[in-house]
Amino acid sequence: MTFKEFMDKVAAKNPGEPEFLQAVKEVIETVWDAYESNPRFVKNNILERIVEPERTIIFRVPWMDDKGEVHVNRGIRVQFNSAIGPYKGGIRFHPSVNLSIMKFLGFEQTFKNSLTTLPMGGGKGGSDFDARGRSDAEVMRFCQSYMAELYRYIGPNTDVPAGDIGVGAREIGYLFGMYKKLANEFTGVMTGKGRTWGGSLIRPEATGFGVIYFVQEMLKTKGQTLEGKKVALSGFGNVAWGAAQKVTELGGKVVTISGPDGYVYVKDGFTNEMIDYMKVLRSSNNDRVKDFADEFPSAVFHAGKRPWVEKVDVAIPAATQNELDANDAKALMANGVPCVCEAANMPCTPEAMEIFMKAKILFAPGKAANAGGVATSGLEMTQNSMRLSWSSEEVDEKLHGIMRNIHEACVASGTEADGYINYVKGANIAGFLKVAEAMCDQGIV
Ligand code: NDP
Ligand code: 2IT
């Protein structure tokens with residue numbers, strides 16, 4: 001079979017799933033040669049098996065609002081691959097959630113988790129629930145209804161969900177509480193838990209910290225550091241917040257964050273007070289970064305625009321999939337950007353990625369750079385199993401080590417003849433090989 005024939009087959013089997021097909025194409029294209037040259041993989045038909053989720057659960061989530069009106073949302077959990085460990089991956093609550101998005105995320109998660117070197121398979125879940133304007137009690141009832149169905153399919157050795165867009169500490173609390181009640185078991189079935197009930201220190205910051213540790217390694221390949229560098233972030237959520245903290249701590253300057261209404265620019269870099277305010281903004285269930293500019297006079301608000309028009313040293317998309325397109329990439333390149341690192345999952349469109357990689361600038365994919373979040377979830381699972389908790393320093397040190405290892409794995413599998421580090425290829429090959437070998441070892445299941 002040629003690569004085109006393979007993709008045509010996957011497209012015919014998964015109609016109306018553009019994000020899933022985009023993710024499959026990117027991964028399979030880069031591992032194609034490694035696959036074809038391995039007779040064991042071919043004999044076991046690993047490629048066709050690896051793009052098919054092991055199980056997909058779709059369920060009704062009915063709930064009542066504060067006025068007594070009944071609403072129905074759709075719940076999804078894609079248990080994508082359990083070759084190297086229990087399914088592991090976040091839950092996303094956002095009105096845009098659909099099967100295509102869940103499948104792309106579960107697919108990506110499989111390779112990301114493999115890169116962490118921890119024993120975790122890939123999964124993802126979510127719902128099209130929109131928390132905007134909803135009271136705390138409404139969010140709680142929704143989470144309880146969601147878990148009332150999901151609890152049958154998960155468990156500490158089966159599937160361990162965590163947070164993602166729209167699912168933070170509050171939602172994890174409500175989801176975990178309902179699981180505990182239904183299963184009559186206090187166990188590490190979710191990660192991102194509160195500190196007093198089994199959560200790991202550093203987990204809230206881990207994704208953002210990990211991204212910046214990865215950026216440090218990328219810059220090191222050019223003999224550079226983050227000191228004095230201007231960094232553009234998009235989004236204003238959990239990941240952007242963690243990244244902003246670490247950039248600032250390392251002497252870099254965060255100059256932008258963004259929301260659906262536009263972006264804000266702070267010429268001299270975010271202060272710690274501004275970084276703290278990002279959390280306030282996120283937990284307000286309000287998606288306007290204009291409020292940030294109203295709060296801080298030194299922040300300039302640009303309505304309806306994305307931050308990629310600014311001249312920066314490092315661009316870090318940290319909001320959502322396909323948020324940085326070819327025009328944005330051209331704008332960044334016109335300003336001579338030397339480094340782009342994905343913090344969100346698949347934030348750059350394929351056209352944007354091509355522009356960066358053709359120009360041979362430093363470019364890292366989300367599945368490598370944002371793996372620190374799930375890696376720290378893996379560390380939370382370990383602590384839960386051992387029934388003890390590590391200090392912040394211990395967790396941070398392990399996280400840092402994992403991010404350095406992922407960088408090394410990308411260099412080892414992705415360095416091209418002219419010395420250019422193709423991080424996309426490196427991450428995909430390193431992540432794929434381990435899962436494919438495990439699938440071969442375990443027979444046709
Ligand atoms: P948050 O919910 O904390 O923040 C998400 C941000 O993205 C918000 O600014 C949100 O604004 C924006 N956003 C979400 N969906 C859309 C959309 N369809 N269009 C435009 N903007 C959107 O989520 P996180 O910070 O946790 O997640 C950010 C990214 O990082 C996601 O891609 C996620 O998958 C990825 N990620 C998260 C990890 C984690 O540990 N949390 C780990 C690894 C990756 P609004 O909702 O108001 O539209
Ligand atoms: O995309 C991701 O890696 C996450 N949302 C984190 C998943 C996890 O299980 O911690």
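Scroll up to find the structure this text is about.
Residues numbered from 1 in each chain as written. Chains lettered and ligands numbered in written order. Predicted model: local features only at pLDDT ≥ 70, side-chain atom pairs only at ≥ 80, totals over all residues. Heavy atoms only, no water.

I'd like a description of the overall build of the chain, backed by residues and values.
Assigned secondary structure in the chain consists of 17 helices and 12 strands. The C-alpha radius of gyration computed for the chain amounts to 21 Å, which stays within 12% of the reference 22 Å derived for 445 residues, consistent with globular compactness. Oriented by its inertia axes, the alpha-carbon framework of the chain measures out at about 60 × 55 × 45 Å. Counting every position in the chain, which comprises 445 residues, the buried fraction comes to 57%. Across the chain, every contact between residues at least 6 apart in sequence was considered, and the portion connecting residues at least 24 apart equals 71%. About 17,900 Å² of surface is accessible on the chain, with carbon and sulfur atoms providing 52% of the total. Separation of charge centres in the chain, based on 50 positive and 54 negative side chains, amounts to 2 Å. (Helix = DSSP H or I, 4+ residues; strand = E, 2+ residues; numbered from the N terminus. Rg over C-alpha atoms; globule rule 2.2 N^0.38 Å. Buried < 20%, exposed > 50% of the residue type's maximum accessible area, 1.4 Å probe, protein only. Contact = heavy atoms within 4.5 Å. Areas by Shrake-Rupley, 256 points an atom, 1.4 Å probe, with all protein chains shown as cover. Lys, Arg positive; Asp, Glu negative; His and termini not counted. Charge placed at Lys NZ, Arg CZ, Asp CG, Glu CD.)

Lay out the site of ligand 1 with the relevant residues and their values.
Taken together, 24 residues lie near ligand 1, and Asp164, Thr207, Asn238, Asp287 and Asn345 sit nearest. A distance of 3.1 Å is found between a nitrogen atom of ligand 1 and a side-chain nitrogen or oxygen belonging to His94. Here an oxygen atom of ligand 1 and a side-chain polar atom of Thr207 are 2.8 Å apart. Coverage of ligand 1 by the protein chains reaches 86% of its 880 Å² of free accessible surface. For the shell around ligand 1, the elements supplying multiple residues, two or more each, are helix 8 (203-220) and helix 9 (238-249). A breakdown of the residues in the shell around ligand 1 according to their chemical character gives eight nonpolar, 10 polar and six charged. (Near = heavy atom within 4 Å. Polar contact = N/O pair within 3.5 Å; in protein donor to acceptor, adjacent residues only side chain to side chain. Nonpolar A, V, L, I, M, F, W, Y, C, P; charged D, E, K, R; others polar.)

Report on the pairing of strand 6 (residues 230-233), specifying residues and quantitative values.
Note: strand 6 against strand 7 (residues 253-259), three bridges, orientation parallel. Each residue of the ladder has a partner; that of Ala232, found in strand 7, is Thr256. In this fold, the crossover linking strand 6 to strand 7 by way of helix 9 has right-handed handedness. (Pairing = 2+ DSSP bridges. Right-handed = clockwise from strand over helix to strand, strands pointing away.)

If you had to explain the sheet that holds strand 8 (residues 262-266) to someone new, which residues and values would you point to?
Spatial strand order, 9-8-7-6-10-11-12: seven strands in an open sheet with mixed pairing. Every interior strand has two partners, whereas the edge strands, strand 9 (299-303) and strand 12 (362-364), have only one. The mean inter-strand angle of the sheet, taken between neighbouring strand axes irrespective of direction, is 15°. Here strand 11 (residues 339-341) runs beside strand 12; their pairing, made up of three bridges, is parallel. Paired with Cys339 across the bridge in strand 12 is Leu362. (Axes fitted to C-alpha atoms, helices over the stretch in contact; angles between N-to-C directions.)

Describe helix 13 (residues 350-358), and please don't skip the residues or the numbers.
Of the positions making up helix 13, those classed as buried are Ala352, Met353, Phe356 and Met357. Projected down its long axis, helix 13 shows its buried positions confined to an angular sector of 125°, all on one face. The inward-facing, buried residues of helix 13 abut helix 2 (18-36), helix 12 (326-334), strand 11, strand 12 and helix 17 (423-441). Two residues or fewer after helix 13 comes Lys360, characterised by a positive phi angle close to 60°. (Arc of directions from axis to C-beta.)

Residues and numbers for helix 5 (residues 99-115), please.
Compared with an ideal rise of 1.5 Å per residue, which puts 17 residues at 24 Å, helix 5 spans 25 Å between its outermost C-alpha atoms and is within 8% of the ideal. With 16 of its 17 residues buried, helix 5 lies for the most part within the structure. Where helix 5 starts, the residue carrying a side-chain oxygen 3.1 Å from the main-chain nitrogen of Ser100 turns out to be Asn98. Just beyond helix 5, the residue with positive phi is Thr117, at close to 75°. (Expected span 1.5 Å × (residues − 1).)

Could you give an account of the sheet that holds strand 3 (residues 87-93), naming the residues involved and the relevant values?
Pairing is mixed in the open sheet, where five strands are placed in the order 1-2-4-3-5. Of all the strands in the sheet, the pair left with one neighbour each is strand 1 (55-64) and strand 5 (159-162). When the angles between neighbouring strand axes are averaged without regard to direction, this sheet yields 20°. Where strand 1 and strand 2 (residues 70-81) come together, 10 bridges link them in antiparallel fashion. Paired with Ile58 across the bridge in strand 2 is Ile76. Contacting strand 1, strand 2, strand 3 and strand 4 (122-127), helix 5 runs over the sheet at an angle of about 150° to strand 4.

Before we move on, could you go through the state of the cysteines and cite the residues and values that matter?
Enumeration over the complete set of coordinates arrives at zero disulfides. Looking at the unpaired Cys339, the closest cysteine sulfur is the one in Cys341, lying at 6.2 Å. Among the cysteines around Cys410, which has no disulfide bond, Cys341 carries the closest sulfur, lying 10 Å off. The exposure class assigned to Cys410 is buried, which follows from its relative accessible area of 0%. (Disulfide = S-S within 2.5 Å.)

Got a sec to walk through the nonpolar core? Specific residues and values, please.
Nonpolar side chains tend to gather and get buried jointly when the protein is soluble and globular. Grouped together as the largest cluster of nonpolar side chains are 65 residues, with contacts concentrated most on Phe214, Ile257, Phe270, Phe292, Ile316 and Ile406. For this core, the element with the highest residue contribution is helix 8, accounting for nine residues. Phe214 has contacts with Cys341, Ala364, Ala368, Ala369, Met403, Ile406, His407, Cys410 and Tyr423, leaving out every residue within four places of it along the chain. With 38 residues, the next largest nonpolar core counts Val24, Ile84, Met439 and Cys440 among its residues. (Core = buried A, V, L, I, M, F, W, Y, C linked by side-chain atoms within 4.5 Å.)

So, the pattern of salt bridges: which residues are in play, and what are the values?
Counted according to the given criterion, the structure contains 29 salt bridges. For Glu17, the salt bridge identified is with Lys103, shortest N-O distance 2.7 Å. Here Glu17, found in the loop between helix 1 (3-13) and helix 2, pairs with Lys103, found in helix 5; they are 86 residues apart in sequence, far enough to count as distant. The exposure class of Lys103 is buried, given its relative accessible area of 6%. (Salt bridge = Lys/Arg side-chain N within 4 Å of Asp/Glu carboxyl O.)

Can you explain unusual backbone geometry? Please cite residues and give values.
A positive phi angle, near 55°, is found at Asn184, a position not held by glycine. Along the chain, Asn184 turns up in the loop between helix 7 (169-183) and helix 8. Residue Asn184 is classed as exposed on the basis of its relative accessible area, which comes to 70%. One non-glycine residue with positive phi stands out, namely Ile202, at about 75°. One can find Ile202 in the loop between helix 7 and helix 8. Classification of Ile202 as buried rests on a relative accessible area of 10%.

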